[in-house]
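Commentary on secondary and tertiary structure
Residue-level listing of the chains:
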Amino acid sequence: MPEPVIIAQNLVKKYKDFAAVDGISFEVAPGESFGLLGPNGAGKSTTMRMVGAVSTRTSGDLSILGLDPNGYGPEIRSRLGVVPQSDNLDTELRVRENLLVYGRYFGLPRKQVAERADELLAFAQLEDKAKSKVDALSGGMKRRLTIARALINDPKILLLDEPTTGLDPQARHILWDRLFRLKEQGTTLLLTTHYMDEAEQLCDRLVVVDKGTIMAEGSPAELIRKHSSREVLEVRFGSERNAQVAEQIAGFGDRIEVLPDRILVYSGNGEREMERMTQAGLHPITSLVRRSSLEDVFLRLTGRTLIE
Amino acid sequence: MTDSETAVAASVAAARPMRALYAGNARSVMQRGWRATRSSNWMIVVSGFFEPIFYLLSMGLGLGALIGTITTESGDEVPYAAFIAPALLAVSAMNGAIYDSTWNVFFKMQFAKLYEGMLSTSLGPLDVALGEISLALLRGGIYATGFMLVMQALGLNLSWWALLALPAVLLIAFGFASVGMAITSYMKTFQQMDWINLFLLPMFLFSATFYPLSVYPQGIQYVIQALPLWHGVELVRGLTTGLVGPGMLWHVLYYVVMILVGLVFTTRRLRVLFLD
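How each quantity is defined
Residues numbered from 1 in each chain as written. Chains lettered and ligands numbered in written order. Predicted model: local features only at pLDDT ≥ 70, side-chain atom pairs only at ≥ 80, totals over all residues. UniProt positions renumbered as here; feature names shortened; annotations may be inferred. Helix = DSSP H or I, 4+ residues; strand = E, 2+ residues; numbered from the N terminus. Buried ≥ 20, exposed ≤ 12 C-beta atoms within 10 Å, placed from the backbone. Contact = placed C-beta atoms within 7 Å. Pairing = 2+ DSSP bridges. Axes fitted to C-alpha atoms, helices over the stretch in contact; angles between N-to-C directions. Parallel < 35°, antiparallel > 145°, perpendicular 65-115°, else oblique. Left-handed = near helix turned anticlockwise from the far one by under 90°. Nonpolar A, V, L, I, M, F, W, Y, C, P; charged D, E, K, R; others polar.

An unreviewed UniProt entry lists chain B under the name Transport permease protein, from Cryobacterium psychrotolerans. Turning to chain B, the UniProt record has this under Sequence similarities (unreviewed entry): "Belongs to the ABC-2 integral membrane protein family."

Per an unreviewed UniProt entry, chain A carries the name Lipooligosaccharide transport system ATP-binding protein and comes from Cryobacterium psychrotolerans. Under the Sequence similarities (unreviewed entry) heading, UniProt states for chain A: "Belongs to the ABC transporter superfamily."

In structure tokens form, the structure reads like this:
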């Protein structure tokens, strides 16, 4: 098995008394696409900053590409690509200039940077925007430019912090397609997200993070298999009746979860649970049978939904 | 990683603390600034050039016609325009450096998150500080050269020593840029930024810019002499009027200290802010 490119052991980051990251351990293999899934404030971004060698850990061990960020920050950063949570593109420069200037920050030769910039503009589907101002780009285009910029130094690992937060569905799909191509080309991806569909689409393996600790680890399919049933029946009886109905159907499925707006019945066969419900004389306002998702895993592990 | 390996890594880090601060690539930060100036804010640059020239024309030539000559600290008589021109030269170096190192830096830090982006590359905080300050210097140098040419045309350079006023002006700009950036890195709001202006305007008006220091009572003289602009004004005035003396080396020393203190604080602060 190849040497992991990221090894985190018992990683802790404290701000005064508050532990933003409280003993996280994980390993990422070369070429792997690894995700940190969790709600806002779970410690995902802080972990990313430590991996990106821009934040010093309070304790624990961390090795990035075989180097300790405490002693080799610049060396590590020169081999990483970073896509931060909020775009920090250089708005005083044009689109292509953003790539040229960023490449020079790594000390790369001008000619090499220029060639790479043109390739990346094509990759990001921004060729016809090369001379545009950054502020004139749409949210999705800015995000693609930020990713192109992060690739200018041909990084070994690409760090993506909430890559599609705030984008409309179409822009998200374009972005996922680009990231999927990178994955196919063998780029190691480390990404954080609070969207379970994003995690399912992009991650080979992921950890579920909450309150600075890891709740579970595995591939999306493994996690679902281990922590949830195959299917879920979602029923709505109206916010007043949900709790009352929940008592009546207490024995249904493997498990029942009552949310403010709906009841979730976890079962191998959602349709059968629905039939049982009808036989019991219960008629929900709406009902839906779907496959279990990472959202259900998260709910099971933490008792909370991902997006609150 | 074992404990002994961690200890090794830590000792390596301790053995070369500069490595984490400085990648030797301040040039790329300067080039970025040059490109940005070229593509978006060259108007501000141009306006900064004319401001001191307008002052010189209105006060030096206008008021100068009424005042005639003025007696300097050393007891020499010089025309009024030749007396204030070097002071305005020092002021223009200060203003250029301050604009680039305060408002510009504040915006890049707080809103554009420019430094966050830079420091996630292999650049270190000292690269960023030096690059930004050098750009401020370059601009200060261009202003100063233009202003010196105007002075020459108006016959206000009274000595060949005036040639040394150019490096002197760069030294002054370096001092202000360095300290300006250090102070700015601690500022969090626009209101705090206004305090800088509150300090600069009186310093501009009262630092023996338009009249000799001797008009003040002794106590006030000490206060003025403690401020940076007075040292700049005296240094440049000595050179362009040719009234030089060994005492001017104190002015040089004052700026060298400003530069070093500013760089140390800026680097330290950028490190705390972006590489916690």
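Structure shown, so let's carry the discussion forward.
**Topic: the overall build of chain B**
Scanning chain B for helices and strands turns up 13 helices and 2 strands. Here the C-alpha coordinates of chain B stretch approximately 80 × 40 × 35 Å along the principal axes. A buried classification covers 44% of the 276 residues belonging to chain B. Restricting to contacts in chain B with at least 6 residues of sequence separation, those with at least 24 account for 82%.

**Quick notes on the overall build of chain A**
Across its full length, chain A holds 11 helices and 13 strands. In chain A, which comprises 308 residues, the proportion classed as buried is 48%. Long-range pairs, those at least 24 residues apart, make up 68% of the contacts in chain A with a sequence separation of at least 6.

**Considerations on the pairing of strand E3 (residues 33-37) of chain A**
Working note: regular strand, side chains alternate between the two faces of the sheet. Residues and elements named next belong to chain A. Across the 5 residues that make up E3, a large majority, 5, are buried. Alignment of E3 against strand E7 (residues 188-193), held across 5 bridges, turns out to be parallel. Paired with Leu-36 across the two strands is Thr-192, which belongs to E7. Of the strand pairs in this sheet, E3 and strand E8 (residues 205-210) are connected by 4 bridges, and their pairing is parallel. Bridging across to E8, Phe-34 finds its partner in Arg-205.

**Describing the interface of chain A and chain B**
Listed per partner, the contact involves 28 residues of chain A and 32 residues of chain B. Put simply, the parts of the chain that give the side of chain A that touches chain B at least two residues each are strand E4 (59-64), helix H2 (69-77) and helix H3 (95-105) of chain A.

**Quick notes on the UniProt feature "transmembrane region" (unreviewed entry) in chain B**
Taking the UniProt record as the reference, the feature "transmembrane region" (unreviewed entry) is found at residues 42-68, 80-99, 136-154, 160-183, 195-213 and 248-266 of chain B. Overall, residues 195-213 of chain B shows 63% helix and 0% strand. The separation of its end C-alpha atoms is 25 Å.

**Brief notes about the UniProt feature "domain: ABC transmembrane type-2" (unreviewed entry) in chain B**
Feature annotation in UniProt assigns "domain: ABC transmembrane type-2" (unreviewed entry) to the following positions: residues 43-273 of chain B. Span residues 43-273 of chain B is 76% helix and 3% strand, its end C-alpha atoms 31 Å apart.

**A word on the packing of helix H12 (residues 228-241) of chain B against helix H13 (residues 248-274) of chain B**
Residues and elements named next belong to chain B. In the contact formed by H12 and H13, the axes pass within 9 Å of each other and the chain directions differ by 135 degrees. Classified by the interaxial angle, the pair formed by H12 and H13 is oblique. Between H12 and H13 lies a crossing of left-handed hand. Along the contact surface, H12 presents Pro-228, His-231, Glu-234, Leu-235 and Gly-238, while H13 presents Met-248, His-251, Val-252, Tyr-254, Tyr-255 and Met-258. Here the contact of H12 with H13 is composed, by residue class, of 7 nonpolar, 3 polar and 1 charged.

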